[in-house]
Amino acid sequence: MESKVKSATWALERGVSVVICNGMEDKAISGIIKGKRIGTFFTDAKDVEPSIESVAIRAREGSRTLLSLAPDKRADIIFTLADLLSKRQKDISKANKQDIEIAQLNGLSGPLLSRLALTPNKVQSLVAGLRHMAAESHENVGRVLRKTKVADGMELNQITVPIGVLLVIFESRPDCLPQVASLAISTANGLLLKGGKEASHSNQCLMNLVSEALDVHDATSAVSLVSSREQVSDLLQLNNYVDLVIPRGSKELVQTIQCQSKGIPVLGHSEGICHVYVDKDCDPSMALKIVRDSKCDYPAACNAMETLLLHRSIVHTPFFEDLCNMLKSEKVEIYAGPKLSKILTFGPPLAKSMKIEYGSLECAIEIVDSFEEAVAHIHEYGSGHTDVIVTENVTTAQQFLNTVDSACVFHNCSSRFADGYRFGLGAEVGISTTRIHARGPVGVEGLLTTKWMMFGTGNAVTDFNDNGTMKYVHEKLNIASSGSSSS
């Protein structure tokens, strides 16, 4: 070993950094090249960027730091971040303006520009959401879900705990960064964030505020911003350090992450093909209002309406004309589904597909002969995100809600309500259309798992044998009387 150190010192004196490792270790050289913490690194460089593995390890340590804090201190970090967002709006706007100017020069599409913009209203909504989250965060971690008397002198508790380290990847939505960071802080999770390059100035500005808030309670290592796609690819191999990946963005992004992830669960949705079905028993004025809001309020959102389904009896009525005129007045480009196209002599162009997420002021309109056909259409062409029925028939509405197999199903309200803040979750880390763990807007509950705590009095399994002195009771106890095990 002494000779190796001398050789490393000799190389350092000549400006060459060196790694000394055990040559018998499996794939040692390729691991070092990938930035893994193998061996001892000798360098005289002053500004060496930490390896991505080191960043992930720091996030794990940061999670444990957050877990060790009292709930009011975790809440204080989020309140501090909300205050910083309010106080530093000029700095945020300046950074965001840089991103928008560059995006416009690069020809970024309208929907992506809309997502990129950090308007004062967006920031204020964000601040309100964070304050709500902080106020509600005190019992997130350590909450007793189940309490069981196993036997005399033995008690078992199931409590909420953080998942561990989250990797969240998002595109063109800088407001995601403080939202997701706050959700991670409130649930004591470590967090690695990767934003789109088109929002780099905004993301860095917001990340600085997150770090400033975390520093109040010495927890800055809990949240880090990852800078490159290569680093994301490396993180997706680190299943020992990253516990859950949440991609927020295009179908292509989600599918790419799912393919690259090696043993790390991926939570998310690949498309937001949302339907509004206007039933034969609808209130026309209500239907107009809901369709307008679902499509036009924020067309780039994943919960915006992409396909409007109409009961056949509505076609050739004044209401149908009002509906089409309303969409045209809102500058919505309409495409006809195959059935609608056949009955309109002069109508909108035929939709290329009934399974398109437009993400802009465009939508398809199709007719159906019955409620059952509407449900069948949604199941064939939808993405399991959010689907709406507009009807005054309570029986039909309940059948729709029970039958449509989507994460969110609504009666007589806009699809735009599929949102963590509007659900009262404070914020969301994303919307999941997967069927395991969490579904729909994923807030605090989706970032928690559980562990079991057993309290005994010197018990052994042999005590419960046929000839033993103990008997299982398995009595369900009142959780309210147990208090919380919150850290």
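Residues numbered from 1 in each chain as written. Predicted model: local features only at pLDDT ≥ 70, side-chain atom pairs only at ≥ 80, totals over all residues. Heavy atoms only, no water.

> Is there a simple way to think about the packing of aromatic side chains in this case?
Each aromatic ring pair is described using two quantities: the centre-to-centre distance and the angle formed by the ring planes. Tallied over the full model, the rule gives three aromatic pairs. Taking the centre distance of 5.5 Å and the plane angle of 15° together, the rings of Tyr335 and Tyr358 count as stacked. Of this pair, Tyr335 sits in strand S11 (residues 333-336) while Tyr358 sits in the loop between helix H14 (338-343) and strand S12 (362-368), and the two are 23 residues apart along the sequence. Measuring from ring centre to ring centre gives 4.2 Å for Phe464 and Tyr472, while their planes differ by 15°; the resulting arrangement is stacked. Owing to a relative accessible area of 15%, Phe464 belongs among the buried residues under this scheme. Since its relative accessible area comes to 48%, Tyr472 is described here as partly exposed. (Phe/Tyr/Trp six-rings, centres within 6.5 Å; stacked < 30°, edge-to-face > 60°. Helix = DSSP H or I, 4+ residues; strand = E, 2+ residues; numbered from the N terminus. Buried < 20%, exposed > 50% of the residue type's maximum accessible area, 1.4 Å probe, protein only.)

> Would you explain the packing of helix H4 (residues 71-87) against helix H9 (residues 200-215) in this entry?
A packed helix pair is summarised by two numbers, namely the angle formed by the two axes and the spacing between the axes. For the pair H4 and H9, interaxial distance at closest approach is 8 Å and the crossing angle is 140°. In terms of their interaxial angle, H4 and H9 are classed as oblique. Two packed elements cross with a definite hand, and for H4 against H9 that hand is right-handed. Two secondary-structure elements touch here, H4 through Ile77, Thr80, Leu81, Leu84 and Leu85 and H9 through Leu206, Leu209, Val210, Glu212, Ala213 and Leu214. Among the residues making up the contact of H4 with H9, the classes are represented as nine nonpolar, one polar and one charged. (Axes fitted to C-alpha atoms, helices over the stretch in contact; angles between N-to-C directions. Parallel < 35°, antiparallel > 145°, perpendicular 65-115°, else oblique. Left-handed = near helix turned anticlockwise from the far one by under 90°. Contact = heavy atoms within 4.5 Å. Nonpolar A, V, L, I, M, F, W, Y, C, P; charged D, E, K, R; others polar.)

> Explain the environment of Ser341 here, please?
Topologically, Ser341 is positioned in helix H14. Residue class for Ser341 comes out partly exposed when judged on its relative accessible area of 28%. For the pair Ser341 and Ala135, spaced 206 residues apart in sequence, the C-alpha to C-alpha distance is 52 Å. Ignoring sequence-local partners within four residues, the contact set of Ser341 consists of Ala336 and Leu350.

> Hey, could you run me through the sheet that holds strand S18 (residues 475-476) in this one?
If you trace the four strands from one edge of the open sheet to the other, you get S17-S4-S3-S18, paired in antiparallel fashion. The open sheet has two edge strands with one neighbour each: strand S17 (448-455) and S18. Direction of pairing for strand S3 (residues 144-151) relative to S18: antiparallel, over a ladder of two bridges. Paired with Thr148 across the bridge in S18 is Lys476. (Pairing = 2+ DSSP bridges.)

By themselves, these figures tell us nothing about what the structure is for.
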